[in-house]
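# Geometric and topological summary
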Amino acid sequence: VSLVPSCATCPEGANCRGARTFAQIIARQGYHSLPWDNRKYGECPRSIACPGNDMALELPQEDFYLDGGNSSKIDTPCSPGHQGLFCGECKPYFDTKLGDVKGLCRVCPNEKENIIRIGILTVSVMSVLAFLVHDSLAGIDEISASVAMGEDAAVPFHSVGIRIMSSFMQVAGLLNNFRLNLPNAIAQLMTILQTTSGVGGAVISFNCLLPATRGVALFMTKLITTIIILPCLLAILVVTFWMFHSCFCQKKLKNGPGSMDKMIGSMLVLYYLTFPSMLHGMTQAMSCTTYGPRDDDATKVLLDGALIVECYNNEHFGMLATVVLPSFLIFVIIIPVLVIYSMRREYMKHRLLPHQNHFNPVSCYRYGFLFLGYEQEFYGFELSVMLRKAAFVVTSGLLRPHGPTAQVVGATCILF
């Protein structure tokens, strides 16, 4: 019995130019056939990792079995250094360049170079933290001295200026969470702004630190390190420093600020710096992408950080329940509420702001980094700005499977 071929619509992401059977269809550049249905295609997260052809009209030269093109289709392999679903992860001992998360995976540097890189990162992180803490405390020293002399207290310019620039870079870096087709130069700039605006795991090469670990194990390591381990380690370093400072360098003056008060102020600076990195980690655990035609049985929603995980199933909900949700409650809800409550209590007792009747330098040392530069009734506004960033992150992550339009609409609602 002879079967007459019939014409069918070319799948999105495929190159059907010319008189081709299904077995002769090839993917377009940046696309790959769905592993669970090779008659349909999905866009690769790293476009350059999925080689294809958009222009060729010539038929492939390979010989195919005479089976109607049902089982002899050959998929184009991933670019060297890539593996996994949609070529979405680097092979063992491969990683991308810093700030080029969508680029080609390249061979990791040797162990010595990686240790040097981590050492430079550690020194840079501690230097930024130390500078901001010192600058903030020095500004508060000036305010306290001015109040004691009965003079007007000038707001320290450096602390306010640095906070404004840091906030701008944090918000600009959030553009990476939106599914926008930005030019490579702009995407790299946003990554650099996001990396330099805070302290976190954005510049740590987990792929090279754990060269043989991939998939869910690597993703969970990144998530836990960024959200929990790194902030806790930095907090321990801050506490240790001020404990030694209290024991060997300075004793608390009567009715004056002591090491404990400066430690609390330093912890708030640390919280401000690590907040974007923690939010970015939470976003990665919520960022999913739809692969396949929408409203189709072949469609699946996969987790961007570990494509082997299907979103909104038991494994994904387990990640959210054990790591993301507890961290969100602690860092995005509980800590801001406690800080606002403490500032409110001091404000009502007229001890928080330099021009209040019972101004207490202790309160300024503890919370000054957050409220200096704002008008009297808006002393807690910096925390509302941080929560707005958190809302951006949650919105962009939850709406990511629905495309950039939904994300932009959600972000616009938050701005309004």
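Okay, so let's go over this structure.

## Considerations on the nonpolar core
Counting residues in hydrophobic clusters, the biggest one holds 66 residues, and the most contacted among them are Phe 219, Leu 223, Leu 303, Leu 352 and Phe 371. Listed by contribution, the elements that provide at least two residues to this core are helix 1 (111-148), helix 5 (216-248), helix 6 (259-286), strand 11 (306-310), helix 7 (314-348), helix 8 (361-371) and helix 9 (381-398). Here the element with the most residues in this core is helix 6; it accounts for 13 residues. If near-sequence neighbours (up to four positions away) are discounted, Leu 303 is found in contact with Phe 219, Gln 284, Ala 285, Ser 287, Cys 288, Val 309, Cys 311, His 316 and Met 319. With 10 residues, the next largest nonpolar core counts Ala 49, Phe 86, Tyr 291 and Leu 302 among its residues.

## Some words on the environment of Glu 375
Assignment of secondary structure puts Glu 375 in the loop between helix 8 and helix 9. Glu 375 gets classed as exposed once you look at its relative accessible area, which sits at 53%. Expressed as a C-alpha distance, the spacing of Glu 375 and Leu 353, which sit 22 residues apart in the sequence, is 9.8 Å.

## What to know about the side chain of Thr 289
Looking at the secondary structure, you find Thr 289 in strand 9 (residues 288-291). A polar side-chain atom of Thr 289 sits 2.6 Å from a polar atom in the side chain of Asp 304. Those residues in contact with Thr 289, other than ones at most four positions away along the chain, are Arg 179, Lys 300, Val 301, Leu 302, Asp 304 and Arg 400.

## Brief notes about the state of the cysteines
For the coordinates displayed, the defined rule picks out 6 disulfides. There is a disulfide in this structure between Cys 90 and Cys 105, and the S-S distance comes to 1.9 Å. With the S-S dihedral at roughly -75°, the linkage between Cys 90 and Cys 105 falls on the left-handed side. Note that Cys 90 is positioned in strand 6 (residues 89-90) and Cys 105 in the loop between strand 7 (94-95) and strand 8 (106-107), a separation of 15 residues in sequence. Classification of Cys 90 as buried rests on a relative accessible area of 2%. Using a relative accessible area of 5% as the deciding quantity, one classes Cys 105 as buried. For the protein, numbering the cysteines in disulfides from first to last along the sequence yields the connectivity 1-2, 3-4, 5-6, 7-8, 9-10, 11-12.

Parameters at a glance
- Residues numbered from 1 in each chain as written.
- Predicted model: local features only at pLDDT ≥ 70, side-chain atom pairs only at ≥ 80, totals over all residues.
- Heavy atoms only, no water.
- Core = buried A, V, L, I, M, F, W, Y, C linked by side-chain atoms within 4.5 Å.
- Buried < 20%, exposed > 50% of the residue type's maximum accessible area, 1.4 Å probe, protein only.
- Helix = DSSP H or I, 4+ residues; strand = E, 2+ residues; numbered from the N terminus.
- Contact = heavy atoms within 4.5 Å.
- Polar contact = N/O pair within 3.5 Å; in protein donor to acceptor, adjacent residues only side chain to side chain.
- Disulfide = S-S within 2.5 Å.

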